[in-house]
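Here's the letter readout for the chains.
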Amino acid sequence: MLSADSTMRITHGLMPVTAQPSAVTIGNFDGVHLGHRAMLQRLVETARRRGLVPCAVTFEPHPREFFAPDKAPARLSSLREKLQMLRECEIEHVHICAFNQAFSQLSAATFIDQILLNSLHAEYVLIGDDFRFGARRAGDFAFLQTHGAQHGMAVAAMESITFDSLRISSTAVREALANGDLALATRLLGRPYSISGRVVDGDKLGRELGYPTANIQIKHNRPPLSGIFVVQMRGLADTPLPGVASLGVRPTVKQNAQPVLEVHLFDFDRSIYGQHVCVDFLSKLRDEEKYDDLPALVTQIAQDVAKARQYFQLATLTPTP
């Protein structure tokens, strides 16, 4: 959620977009995990020392969504979520490259000349040691370094960050979420996994069943996790509000439905339609199931709510290390 007082600049296209020299990093930054954050921190520190504007170049849509939309991985973050997290990492300028047919055919040299040099006046570029770019992924660190040196552009590479010998990556986060291992996902992200969106009107079934829910509009191509979760919601009060959430296709009440995120907040009965909120996923309770009838579903919801309340009670009692 970009705040009204955000000073981060957002630009698009191939035309010159800034007169200020930049320190640039390039990537999809899906999820902005701890590996991304380490790179962004190094970029910002270098930019400060050199008097440059810290800038991130990213792509929309994700290249794999363009080339193979049916096989593309689930997004960890929407564009809006990604921009918010980049701002929090003190990135002052984000340049979004529209990944389309024309862009996919840009050579590595043209990418450097048109975007890094002409558009962004890059004097320093930091990339991951395995980053590839340009048509047919022909560009790599060595090519960028050689080509950049001809124009006075310094280039550096950063090694991958690991956690318990596991390389921190968007793929590793997706796998943890898909497996319901929210503790590992939290470690890799440096924060609980979250989905933000606007509260929209639903079918009111939760209220009829005695458990009113807030329906959150999902902007992801598809969610990277599903099931019943202990959650907290930010954006409605000074502190996060506890609750339980269902993220899935609701097989008991729908057929062939799109995924829906529904959150039941404890001891809360306020109209919040239209509000933009953020839901943090803290622990997975179970997978989504289909029940024979609504009474059976209500019984299970009651059990889920009790377990989620217990989670927060135990969290309150556990001393901070």
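Refer to the structure presented above.
Residues numbered from 1 in each chain as written. Predicted model: local features only at pLDDT ≥ 70, side-chain atom pairs only at ≥ 80, totals over all residues. Heavy atoms only, no water.

**Quick notes on the overall build of the protein**
So, step 1. Secondary structure assignment for the protein yields 10 helices and 14 strands.
So, step 2. Compactness check: the protein gives a C-alpha radius of gyration of 22 Å against a globular reference of 20 Å for 321 residues, within 12% of the reference.
So, step 3. For the protein, the C-alpha atoms occupy an extent of roughly 70 × 45 × 40 Å along the three principal directions.
So, step 4. The 321 residues of the protein split such that 47% are buried. (Helix = DSSP H or I, 4+ residues; strand = E, 2+ residues; numbered from the N terminus. Rg over C-alpha atoms; globule rule 2.2 N^0.38 Å. Buried < 20%, exposed > 50% of the residue type's maximum accessible area, 1.4 Å probe, protein only.)

**Observations concerning the sheet that holds strand E14 (residues 276–286)**
So, step 1. Spatially, six strands are ordered E9-E10-E13-E12-E11-E14 in a closed barrel, and the strand pairing comes out antiparallel. Neighbour-to-neighbour, the strand axes of the sheet open up by a mean angle of 45°, direction not taken into account.
So, step 2. Taken together, the seven bridges between strand E11 (residues 227–234) and strand E12 (residues 241–248) define a ladder with antiparallel strand orientation. Looking at E12, one finds that Gly227 is bridged to Leu247. (Pairing = 2+ DSSP bridges. Axes fitted to C-alpha atoms, helices over the stretch in contact; angles between N-to-C directions.)

**Concerning the packing of helix H5 (residues 108–119) against helix H6 (residues 141–149)**
So, step 1. The interhelical angle for the contact between H5 and H6, taken along N-to-C directions, is 55°, at an axis separation of 10 Å. By the angle between their axes, H5 is oblique relative to H6. For the element pair H5 and H6, the recorded crossing hand is right-handed. Contact residues: H5 offers Ala108, Ala109, Ile112, Asp113 and Leu116, while H6 offers Phe143, Leu144 and His147.
So, step 2. For the contact of H5 with H6, the class distribution of residues is six nonpolar, one polar and one charged. (Parallel < 35°, antiparallel > 145°, perpendicular 65-115°, else oblique. Left-handed = near helix turned anticlockwise from the far one by under 90°. Contact = heavy atoms within 4.5 Å. Nonpolar A, V, L, I, M, F, W, Y, C, P; charged D, E, K, R; others polar.)

**Digging into unusual backbone geometry**
So, step 1. Here the residue pair Glu60 and Pro61 is connected by a cis peptide bond, since its omega of 0° sits within 30 degrees of zero.
So, step 2. With respect to the secondary-structure elements, Pro61 resides in the loop between strand E3 (53–60) and helix H2 (63–67).
So, step 3. Although it is not a glycine, Asp164 sits at a positive phi angle of roughly 50°.
So, step 4. Within the secondary structure, Asp164 is located in the loop between strand E7 (162–163) and strand E8 (166–167).
So, step 5. At Ser165, a position not held by glycine, the phi torsion is positive, near 70°.

**A few points about the packing of aromatic side chains**
So, step 1. Tallying each qualifying case throughout the model produces 13 aromatic pairs.
So, step 2. Ring centres of Phe66 and Phe67 lie 5.1 Å apart, and the angle between their planes is 75°; this geometry places the pair in the edge-to-face category.
So, step 3. By relative accessible area, Phe66 is classed as partly exposed at 25%.
So, step 4. Consider the rings of Phe111 and Phe133, whose centres lie 5.5 Å apart with planes at 45°: the pair is tilted. One end of the pair, Phe111, is in helix H5; the other, Phe133, is in the loop between strand E5 (122–128) and H6, and 22 residues separate them in sequence. (Phe/Tyr/Trp six-rings, centres within 6.5 Å; stacked < 30°, edge-to-face > 60°.)

**So, empty space enclosed by the protein**
So, step 1. For the structure on display, the rule yields two cavities of 30 Å³ or more.
So, step 2. Along the walls of the second largest cavity sit Asn28, Asp30, Phe59, Glu60, Pro61, His62, Arg75, Ser77 and Lys82, which together make up its complete lining.
So, step 3. Residue composition of the lining of the second largest cavity, by class: two nonpolar, three polar and four charged. (1 Å grid on protein atoms, 1.4 Å probe; cavity = no way out; pocket = protein on both sides within 12 Å on 5 of 7 lines; lining within 4 Å. Points joined across faces, edges and corners; volume = space filled by probe spheres on them.)

**Looking at the state of the cysteines**
So, step 1. Tallied over the entire structure, the rule returns zero disulfides.
So, step 2. No disulfide involves Cys89; its sulfur sits 14 Å from the nearest other cysteine sulfur, which is in Cys55.
So, step 3. Taking the relative accessible area as the measure of exposure, Cys89 reaches 14% and is therefore buried.
So, step 4. The thiol sulfur of Cys278 is not disulfide-bonded, and the nearest other cysteine sulfur, from Cys89, lies at 15 Å. (Disulfide = S-S within 2.5 Å.)

**Description of helix H8 (residues 182–189)**
So, step 1. Those residues of H8 lying buried are Leu182, Ala185, Leu188 and Leu189. Seen end-on, H8 carries its buried residues on one side only, within an arc spanning 120°. Opposite its buried face, H8 presents the exposed residues Ala183 and Arg187, each directed more than 90 degrees away.
So, step 2. Directly after H8, the chain includes Gly190, whose backbone phi takes a positive value near 80°. (Arc of directions from axis to C-beta.)

**As for the sheet that holds E3**
The strands making up a sheet associate through backbone hydrogen bonding, with each pair oriented either parallel or antiparallel.
So, step 1. Spatial strand order, E1-E4-E3-E2-E5-E6: six strands in an open sheet with parallel pairing. The strands lining the two open edges of the sheet, one partner per strand, are strand E1 (9–12) and strand E6 (154–158). Shown here is a sheet whose adjacent strand axes are inclined to one another by a mean of 25°, direction ignored.
So, step 2. Across five bridges, the pairing between strand E2 (residues 22–26) and E3 is parallel. Looking across to E3, one finds that Ala23 is bridged to Pro54.
So, step 3. Along the sheet, H6 makes contact with E5 and E6, crossing E6 at roughly 160°.

Everything listed here is a matter of coordinates, which is why it stays silent on function.
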